[in-house]
Amino acid sequence: MKLLHLLAALAVGMAASVHAADTPGASPAPSAGPPSAAERLASARRMIELQDFRRAERELAAALRDQPDNADAHNLLGYAYRKRPSPDLGKAFEHYQAALRLDPQHKGAHEYIGEAYLLDRKPDQAEKHLAQLEQICGNRSCEEYQDLAKAIAAYKSRQ
């Protein structure tokens, strides 16, 4: 008899969890282990959108412990260091350069390191990355090229 009650309770519990998983807006079941690097990257992107750069840095550092060769994580970590209220350009450059070592064609890293060079008052270095973006994109119409070109133009207009 106890076995029947146990099996019935188990069946009800399984049915409830299946129903909850199918219910729109229901919270997903917690994962069995720590977040994956991809989950941490997604979380870091959300933190960056919220301008919570410190939390983004923590998520990205954890992602890089799992995947040290992830160019996107290095690029975003460089971005977070550059965008903090007190930018850390040294760490930003370190991570942008790591992203470019891992993926020399990484358009986002070229754009962001160029913008960092403008903050560091090195427009000639930024223009080198703009030229590389033109080659990578095959034209001047890709978003990364246009964004860096605008940043360089704005920098020059302030000089």
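A short tour of the structure in this document, coming up. Keep in mind the model is a prediction, meaning the values are calculated, not measured.

The subject of this paragraph is helix H2 (residues 37-49). Taking 1.5 Å as the rise per residue, H2 with 13 residues should run 18 Å; its terminal C-alpha atoms sit 18 Å apart, in good agreement. Considered for burial, the residues of H2 that qualify are Ala37, Arg40, Leu41, Ser43, Ala44, Met47 and Ile48. Around the axis of H2, the buried residues are gathered within 165° of arc, so they sit on the same side. In H2, those exposed residues whose orientation departs by more than 90 degrees from the buried face are Ala38 and Glu49. Against the buried residues of H2 lie helix H3 (53-66) and helix H4 (71-83). Phi for Gln51, located one or two positions after H2, is positive at around 60°.

As a further point, take the pattern of salt bridges. In the structure shown here, the tally under the stated rule is seven salt bridges. Arg40 is the partner of Glu59 in a salt bridge, and the nearest nitrogen-oxygen pair spans 3.4 Å. Placement of Glu59 in helix H3 and of Arg40 in helix H2 is noted, with a sequence separation of 19 residues between them. The partner of Arg82 in a salt bridge is Glu115, with the nearest N and O atoms 3.0 Å apart. In this pair, Arg82 is assigned in helix H4 and Glu115 in helix H6 (residues 107-119), connecting sequence segments 33 residues apart. Of the two residues, Arg82 and Glu115, neither departs from the other in class, the shared state being buried.

With the rule as written, the count across this model stands at three aromatic pairs. Seen from their ring centres, Phe93 and Tyr117 are 4.6 Å apart, and the 40° between their planes marks the pair as tilted. Of this pair, Phe93 sits in helix H5 (residues 89-102) while Tyr117 sits in helix H6; the two residues are 24 residues apart in sequence, bridging distant segments of the chain. Feature note: the residues Tyr79, Tyr96 and Tyr112 constitute an aromatic cluster, connected by ring pairs.

Criteria and thresholds
Residues numbered from 1 in each chain as written. Predicted model: local features only at pLDDT ≥ 70, side-chain atom pairs only at ≥ 80, totals over all residues. Heavy atoms only, no water. Helix = DSSP H or I, 4+ residues; strand = E, 2+ residues; numbered from the N terminus. Expected span 1.5 Å × (residues − 1). Buried < 20%, exposed > 50% of the residue type's maximum accessible area, 1.4 Å probe, protein only. Arc of directions from axis to C-beta. Contact = heavy atoms within 4.5 Å. Salt bridge = Lys/Arg side-chain N within 4 Å of Asp/Glu carboxyl O. Phe/Tyr/Trp six-rings, centres within 6.5 Å; stacked < 30°, edge-to-face > 60°.

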